[in-house]
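Reading the structure
Each chain, written out:
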Amino acid sequence: MGALLELLRERQTFVITSHARPDGDAIGSSLGMMHLLHAMGKQAVVALADPVPVAYDCLPGVQSIARALPEARPDAVVLLECDSVARTGYAAIPAGLTINIDHHLSGRRYADFNWIDPEACAVGAMVYDLARAAELEITPAMASCLYAAVLTDTGSFTYSSTNAATFALASDLMERGADANAIVQAVYLSHPVSRMRLLGTALDKLRLEETEHGECPVAWSSITLAEMQRAGACVEDCEGVVNYLIAIGGVRAAVLLREVAVGPAAAAGLAAATEQATQFRLSLRSKGALDVARVAEGFGGGGHRNASGCTLTGSLEGATQRIVEALRTACLATPATPAGVAAADPEQPATLLA
Ligand SMILES: [Mn+2]
């Protein structure tokens, strides 16, 4: 961390970015990093290729987030939660130096400086550690941003990455002025009704794999573009649906397949994709030792042990068959823990993707 601080101190202008379709950790840690650099007397702007969901409008500094990269080439670009430059949604990010800060198991060392900590519950927690190491004052604004990152990336302190240190971090952020109540209100209690209608559709289509022993270790469902259109829903409304599938007792792995608009279909908005062009974004979840990061990597994706994602092309039936088969194989290869309860495994701490 000392080496990273040295790199930051030596430079003056920064661009901070994170992955496309930004989540709570992407937005919270980016803004937290911006506040940190400002506190160091640096020039720093956050640029995200996709819009910030309205749920995060309450975070201090969010109105300064740009969609386009600044024209002037910065001294350094800080990439948070990205396994490549392409993950940002930008084709290229010219900078004197690239800094990669990530906590995914599938994190890659593609930048000039790489700090990957798969044990961190959120990248927001790594930014917090950096601020402490720099002996900077953590302002209420920075605290709120980092709190939002930690809250969302731990599934509201429920994932197995949550430990005593996570609560100590949350407690410290609240002491320093994080507005935890406002964040919970905005992030969890302000959903549009379209989101609930879409959830209803997905749960209605829920399927469970039944083994000869009567167990149902794999659960799956899907959301098509037509279903989204019918519910008046947007892509954002699909977030978190997969968490309901993995919440079922006895289920060890779950997947939600979401049809994405590609090619001419994308150009026409939410028009149904042609058969050949059909593409699905998959969100995978698991409990305990079952590693869905590895399953996703088998399809060119990645993530955390208990939460990952990948993209499949083909028909819905074909894509479903391939992923369910892969999850079934992973289940068979990984012994189940009693009652499917997540095992506390100090050897391989699990971190989850929001
Ligand atoms: Mn994260």
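Everything numeric in this text was worked out from a predicted model, so none of it was measured.

What about the overall build of the protein?
- The number of helices and strands found in the protein is twelve helices and eleven strands.
- In terms of overall size, the protein behaves like a compact globule, its C-alpha atoms giving a radius of gyration of 20 Å where 354 residues would be expected to give roughly 20 Å.
- Counting all 354 residues of the protein, 44% fall into the buried class.

What about the packing of helix α2 (residues 24–39) against helix α4 (residues 140–153)?
- At their nearest, the axes of α2 and α4 sit 8 Å apart, and the two run at 155 degrees to each other. Considering their axes alone, α2 and α4 lie roughly antiparallel with respect to each other. Note on packing geometry: the crossing formed by α2 with α4 is left-handed. Contacts from Gly24, Asp25, Gly28, Ser29, Leu31, Gly32, His35 and Leu36 in α2 reach Ala141, Met142, Cys145, Leu146, Ala148, Ala149, Leu151, Thr152 and Asp153 in α4.

Overview of helix α5 (residues 164–175)
- For α5, built from twelve residues, the straight-helix expectation of 16 Å at 1.5 Å per residue is met to within 8% by its first-to-last C-alpha distance of 16 Å.
- The complete set of buried residues in α5 reads Leu169, Ala170 and Leu173. Angular distribution of buried residues about the axis of α5 spans 95 degrees; they occupy a single face of the element. Turned more than 90 degrees away from the buried face of α5, the exposed residues are Ala164, Ala168, Ser171 and Glu175.
- Taken together, the buried residues of α5 touch α3 (123–133) and α4.
- Looking one or two places after α5, you find Gly177, whose phi comes out positive at around 105 degrees.

Notes on the sheet that holds strand β6 (residues 207–208)
- The mixed open sheet is built from six strands, whose spatial order is β6-β7-β8-β9-β11-β10. For this open sheet the edge positions go to β6 and β10 (302–303), each flanked by a neighbour on one side alone.
- Bridge count between strand β8 (residues 253–260) and strand β9 (residues 279–286): eight bridges; the pairing is antiparallel. Looking at the pairing, Ala253 lines up with Ser286 of β9.

Comments concerning the sheet that holds strand β3 (residues 76–80)
- The sheet built from five strands is open, its strands ordered β2-β1-β3-β4-β5 with parallel pairing. Looking at which strands have only one partner, the edges of the open sheet turn out to be β2 (43–46) and β5 (113–116). Neighbour-to-neighbour, the strand axes of the sheet open up by a mean angle of 15 degrees, direction not taken into account.
- Taken together, the four bridges between β3 and strand β4 (residues 98–102) define a ladder with parallel strand orientation. Looking at β4, one finds that Val78 is bridged to Ile99.

A look at the environment of Ala231
- Relative to the helices and strands, Ala231 resides in helix α8 (residues 225–231).
- Those residues in contact with Ala231 that sit more than four places away from it in its chain are Ser194, Arg197, Leu198 and Thr201.

A short note on the nonpolar core
- Core analysis: the largest hydrophobic core is formed by 57 residues, its most contacted members being Ile16, Val78, Leu80, Leu146, Tyr147, Ala148 and Val150.
- Broken down by element, the residue count for this core peaks at ten residues, all from α4.
- Those residues in contact with Ile16 that lie beyond four places of it in its chain are Ser30, Met33, Met34, Ala44, Val46, Val78 and Leu80.
- Counting 38 residues, the second largest nonpolar core, distinct from the first, contains Leu198, Ala202, Leu245 and Cys310.

Brief notes about the confidence of the model for the protein
- On average, residues of the protein carry a pLDDT of 91, and 91% of them reach 70 or more.
- With pLDDT under 50 throughout, residues 270–275 is counted as low confidence; its partners more than four residues away or in other chains account for 16 contacts.
- Scored below 50 in pLDDT, residues 339–354 makes 43 contacts in the model with residues more than four places away or belonging to other chains.

Focus: unusual backbone geometry
- We note that Arg21 has phi near 45 degrees; this positive angle belongs to a residue other than glycine.
- One non-glycine residue, Ser156, lies in the positive phi region at around 55 degrees.
- Tracing the backbone shows Ser156 in the loop between α4 and α5.
- On the basis of neighbour count, Ser156 is assigned to the partly exposed category, with 13 C-beta atoms found within 10 Å.

Describing the domain arrangement of the protein
- Taken domain by domain, the protein comprises domain 1 (2–188) and domain 2 (193–340).
- On the domain 2 side, the residues contacting the eight residues of domain 1 number nine residues.
- Within the side of domain 1 that touches domain 2, the residues separate by chemical class into three nonpolar, three polar and two charged.

Rules behind the numbers
- Per chain, the residues get numbers from 1 upward, laid out in the order the sequence is written.
- Since the coordinates come from a predicted model, pLDDT governs what is reported: local features require at least 70, and pairs of side-chain atoms require 80 or more to be given and counted, while whole-chain, interface and lining totals use all residues.
- Here a helix means four or more residues in a row that DSSP labels H or I, a strand means two or more in a row labelled E, and each is numbered from the N terminus.
- The size measure is the radius of gyration over C-alpha atoms, and the globule rule it meets is 2.2 Å times the number of residues to the 0.38 power.
- Exposure classes come from backbone-placed C-beta atoms, where a residue is buried if 20 or more other C-beta atoms lie within 10 Å of its own, exposed if 12 or fewer do, and partly exposed in between.
- Every angle, taken between N-to-C directions, lies between 0 and 180 degrees, and every axis is a line fitted to C-alpha atoms, over only the stretch in contact when it is a helix.
- For classification purposes, an angle smaller than 35 degrees is called roughly parallel, one larger than 145 roughly antiparallel, one from 65 to 115 roughly perpendicular, and anything else oblique.
- For a crossing to be left-handed, the near helix must be turned anticlockwise from the far one by less than a right angle; the clockwise case is right-handed.
- We call two residues in contact when their backbone-placed C-beta atoms lie within 7 Å.
- By this rule, a helix spans an expected 1.5 Å times one less than how many residues it contains.
- The arc refers to the directions leading from the helix axis to the C-beta atoms.
- Two strands pair under a simple rule: DSSP has to find at least two bridges between them.
- Any nonpolar core is a set of buried residues, restricted to Ala, Val, Leu, Ile, Met, Phe, Trp, Tyr and Cys, that join up through C-beta atoms within 7 Å.
- Think of pLDDT as the predictor's per-residue confidence, scored from 0 to 100.
- Reported domain spans reflect what an automatic or database domain assignment gives.
- Only Asp, Glu, Lys and Arg are considered charged in this grouping, and only Ala, Val, Leu, Ile, Met, Phe, Trp, Tyr, Cys and Pro are considered nonpolar; every other residue, Gly among them, is considered polar.

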